Amino acid sequence: MKRIQLGNTVFEGRNNVYVLDGETTALVDAGVAVPAVREELRAGLADHGLSFADVDEVFVTHWHHDHAGLAGEIQDESGAIVRVHEADAPLVGGEPSAVDAERELLRERLIEWNLPDETRDGLLSFLERHADLAGRPADVTPFTDGDAFELNGRTYEAVHLPGHAAGLCAFASDDEEAFVGDAILPKYTPNVGGADVRVDSPLETYADSLVRLADRGFDRAWPGHRDAIDDPAGRAATILEHHRDRTRNVAAVLSERGPCDAWTVSAHLFGELRGIHVLHGPGEAYAHLDHLRARGVVDRVERDGAVEYELVEPDPDVDALFPRTDR
Ligand SMILES: [Zn+2]
Ligand SMILES: [Zn+2]
């Protein structure tokens, strides 16, 4: 296996493309579809004596443009099979109804989170300006949790880990290593709530995925960004702990300020935001507020489409709100 690192200034930093070489050439993820990154990927493959035309399969961990962007172009040149979990397949396949529904849901959420009009319009035009990062739609071959793929004498199993994205999957090899996309990252905690607004109960969904990942006990995880994670279960436990702390912070904001919308909570947690973080900040706040609502800690009150959350359980047992790993 080889790793190619690609530039990416919009999302979580440089993207990893993993090359599984042998009789069959497969890639895990594909980078954003901009000319500079396309050339980086071509050059990176050429270093291993490969070109786009040599690629037989592309495994896409999730629909985000920094992972799926170039898959369609690679497929155009090679006829590669592009595999995506069924929940993300319509977006990577560019199905208009799915793309429109995601964008419409996003607009509704931005109103619900109560972003100021100017901020909301700025974010939507930012996303519009970066729409080409998605690249050409691929003709996708959907798979589902537990599906196995034989490749160069190894078996890779799809492990569905929704949260950061609805269809996010790890590909776990029979030597106990896994390509995990953005399910866990070495430095940052992957965004939940804003990164894929289609995910219901995003924080609970993600927490369950962290436990599932930890329980698998992989020896090593290869993430979508940055370097290998040598203790994936430990990293998953650390991210869970981080979310427990954040939930305490969210409850503290509501306790101090009284009822708040997601945008206000975000401002208290993250301060002023720019670029994609204008989506990720309130999305993260929303994920936590929604989780507290589901567990009866806060009430949800709607006013003119915007939603405020009021603390009704002033001293919640936050540890009890999250599942635990063995660690
Ligand atoms: Zn992502
Ligand atoms: Zn990413």
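Residues numbered from 1 in each chain as written. Chains lettered and ligands numbered in written order. Predicted model: local features only at pLDDT ≥ 70, side-chain atom pairs only at ≥ 80, totals over all residues. Heavy atoms only, no water.

Peer 1: So what's going on with the environment of Leu45? Residues and values would help.
Peer 2: With respect to the element layout, Leu45 can be found in helix H1 (residues 35-46). In this structure Leu45 comes out as buried when scored by relative accessible area, which is 0%. Residues Leu45 and Arg3, spaced 42 residues apart in sequence, show a C-alpha to C-alpha distance of 9.6 Å. Aside from chain neighbours lying at most four places away, what touches Leu45 is Ile4, Val19, Leu27, Leu50, Ser51 and Phe52. (Helix = DSSP H or I, 4+ residues; strand = E, 2+ residues; numbered from the N terminus. Buried < 20%, exposed > 50% of the residue type's maximum accessible area, 1.4 Å probe, protein only. Contact = heavy atoms within 4.5 Å.)

Peer 1: Could you give an account of the packing of helix H8 (residues 232-257) against helix H9 (residues 262-270), naming the residues involved and the relevant values?
Peer 2: Between H8 and H9, whose axes approach to 10 Å, the crossing angle comes to 115°. For the crossing formed where H8 meets H9, the hand is right-handed. Between H8 and H9, the contacting residues are Arg246, Asn249, Val250, Val253, Leu254 and Arg257 on the first element and Thr264, Val265, His268, Leu269 and Phe270 on the second. (Axes fitted to C-alpha atoms, helices over the stretch in contact; angles between N-to-C directions. Left-handed = near helix turned anticlockwise from the far one by under 90°.)

Peer 1: I'd like a rundown of the packing of aromatic side chains, residues and numbers included.
Peer 2: Under the criterion given, the structure shown has 7 aromatic pairs. Ring plane angle 65° and centroid distance 5.0 Å describe the contact between Phe59 and Phe171, whose orientation is recorded as edge-to-face. A residue pair is termed long-range when its members are at least 10 positions apart, and Phe59 in strand E4 (residues 57-59) and Phe171 in strand E9 (residues 169-173) qualify at 112 residues. Relative accessible area serves as the criterion here: at 2%, Phe59 is assigned to the buried category. Owing to a relative accessible area of 2%, Phe171 belongs among the buried residues under this scheme. A connected cluster of aromatic rings, assembled from ring pairs, spans Phe59, Phe143, Phe149 and Phe171. Its end group placed over the ring of Phe52, Arg42 keeps NZ or CZ at 4.2 Å from the ring centre. (Phe/Tyr/Trp six-rings, centres within 6.5 Å; stacked < 30°, edge-to-face > 60°. Lys NZ or Arg CZ within 6 Å of the ring centre and 35° of its normal.)

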